[in-house]
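Per-entry structural report
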Amino acid sequence: RKDGCELRREAFLSAQHDPTLSRLLAKLSELEGITWKADDLRGDDVEETAERLLPEFTTATQHEKFKEQEQSHQTLKDWIYEKKEDVSEEYTPSGPSWSKANQVTATPRIPGIWYVHQRQNEDGKHVSWIFFNATSGKYYRALSGGTWIQTGTPHNPVTHPIKISHASCCVPAASGRKDDLAVALPELGRTGSALKQPLQFLDKPAALYFLSDGLRGSSLASEFCAKRFHTHFLP
């Protein structure tokens, strides 16, 4: 996690202006040669909340943003003669199924032209989960609590002319008990669509194979992992 935080900082500082990612690769090479001391592995960078150190943003509709801007000026004259910042569409979002945010769509409180990517929640309602600022070229994803945080560029999927074949075999323990479990999702795209969570940024074909090993002469640990692993990317 410490290495990940160091790489994330470098990515947010340099990746946008360094298309070859030379500085990020240099940072990766540097980190491979570092042996962290015990004192280094303390503090925010090794906490599970480390990602939340990045700036967070709340959202507002165009009407709400206009009201906030209007209330921030003391007089009508201030509002009329305020220097307006021109925004233009300089970048295109990566991947399929983006739509341009309309006036009733709540977007992060940052200037720019916004695109939104939606998916269904547990109630079957389509909600925004990724935003793209076409003026700055930056992406933002949802956090719990209604806030948003800058994130990396989504993958632009590619379809490959290959076919995936699969099989699994778990040998039981000497007592006949089956401690190891295999999970096979050979058509991950269809699985996501069936669960109303389409995985639109995945290459095709895409598959998931997971093997969990029992511990201490019991299958409880492997069953726990096998039943819950998919929830990390299919909530």
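Right, let's walk through the structure included here. (Residues numbered from 1 in each chain as written. Predicted model: local features only at pLDDT ≥ 70, side-chain atom pairs only at ≥ 80, totals over all residues. Heavy atoms only, no water.)

Describing the overall build of the protein chain
When helices and strands are counted, the protein chain shows six helices and 10 strands. As presented, the protein chain carries roughly 16300 Å² of accessible surface, and 53% of it is formed by carbon and sulfur atoms. (Helix = DSSP H or I, 4+ residues; strand = E, 2+ residues; numbered from the N terminus. Areas by Shrake-Rupley, 256 points an atom, 1.4 Å probe, with all protein chains shown as cover.)

Section: the pairing of strand β6 (residues 126-133)
Relative to β6, strand β5 (residues 114-120) is paired through seven bridges, and the arrangement is antiparallel. What sits directly across from Q120, in β6, is H126. Taken together, β5 and the strand that follows it, β6, pair antiparallel across an intervening segment of five residues, in which G124 is found at a positive phi of about 85 degrees. Bridge count between β6 and strand β7 (residues 138-142): four bridges; the pairing is antiparallel. In the strand pairing of β7, I130 is matched with R141. (Pairing = 2+ DSSP bridges.)

Considerations on the pattern of salt bridges
Taken as a whole, this structure holds three salt bridges when the rule is applied. Note that E89 is salt-bridged to K100, the shortest N-O span being 3.3 Å. Taken together, the positions of E89 in the loop between α4 (76-80) and β3 (99-100) and K100 in strand β3 put the pair 11 residues apart, joining distant regions of the chain. With a shortest N-O distance of 3.0 Å, R190 and E187 are connected by a salt bridge. By relative accessible area, which is 63% here, R190 ends up exposed. (Salt bridge = Lys/Arg side-chain N within 4 Å of Asp/Glu carboxyl O. Buried < 20%, exposed > 50% of the residue type's maximum accessible area, 1.4 Å probe, protein only.)

A short note on the nonpolar core
Counting eight residues, the largest nonpolar core consists of W98, I113, Y115, I130, F132, A134, Y139 and F201. Beyond its immediate sequence surroundings of up to four residues, F201 is in contact with S94, G95, P96, W98, H117, W129, I130, P154, H155 and P157. (Core = buried A, V, L, I, M, F, W, Y, C linked by side-chain atoms within 4.5 Å. Contact = heavy atoms within 4.5 Å.)

A word on the packing of aromatic side chains
For any pair of aromatic rings, geometry is given as the distance between the ring centres together with the angle between the planes. In this structure the tally under the stated criterion is eight aromatic pairs. For the pair W114 and F131, a centre-to-centre distance of 5.9 Å together with 80 degrees between the ring planes defines the contact as edge-to-face. Taken together, the residues W114 in strand β5 and F131 in strand β6 connect sequence positions 17 residues apart. On the accessibility criterion, F131 (0% relative accessible area) is buried. (Phe/Tyr/Trp six-rings, centres within 6.5 Å; stacked < 30°, edge-to-face > 60°.)

Digging into the environment of T107
Within the secondary structure, T107 is located in strand β4 (residues 107-108). Sequence separation of T107 and F132 is 25 residues, and the distance between their C-alpha atoms is 9.5 Å.

What to know about the side chain of H117
Locating H117 in the fold gives a position in strand β5. On the basis of relative accessible area, H117 is assigned to the buried category, the value being 1%. Within the structure, the side chain of H117 is placed 2.9 Å from the backbone oxygen of P96, a separation counted as a polar contact. A distance of 3.3 Å separates polar atoms of two side chains, one belonging to H117 and the other to Q200. Excluding residues within four positions of it along the chain, H117 makes contact with P96, S97, W98, V127, S128, W129, I130, Q200 and F201. (Polar contact = N/O pair within 3.5 Å; in protein donor to acceptor, adjacent residues only side chain to side chain.)

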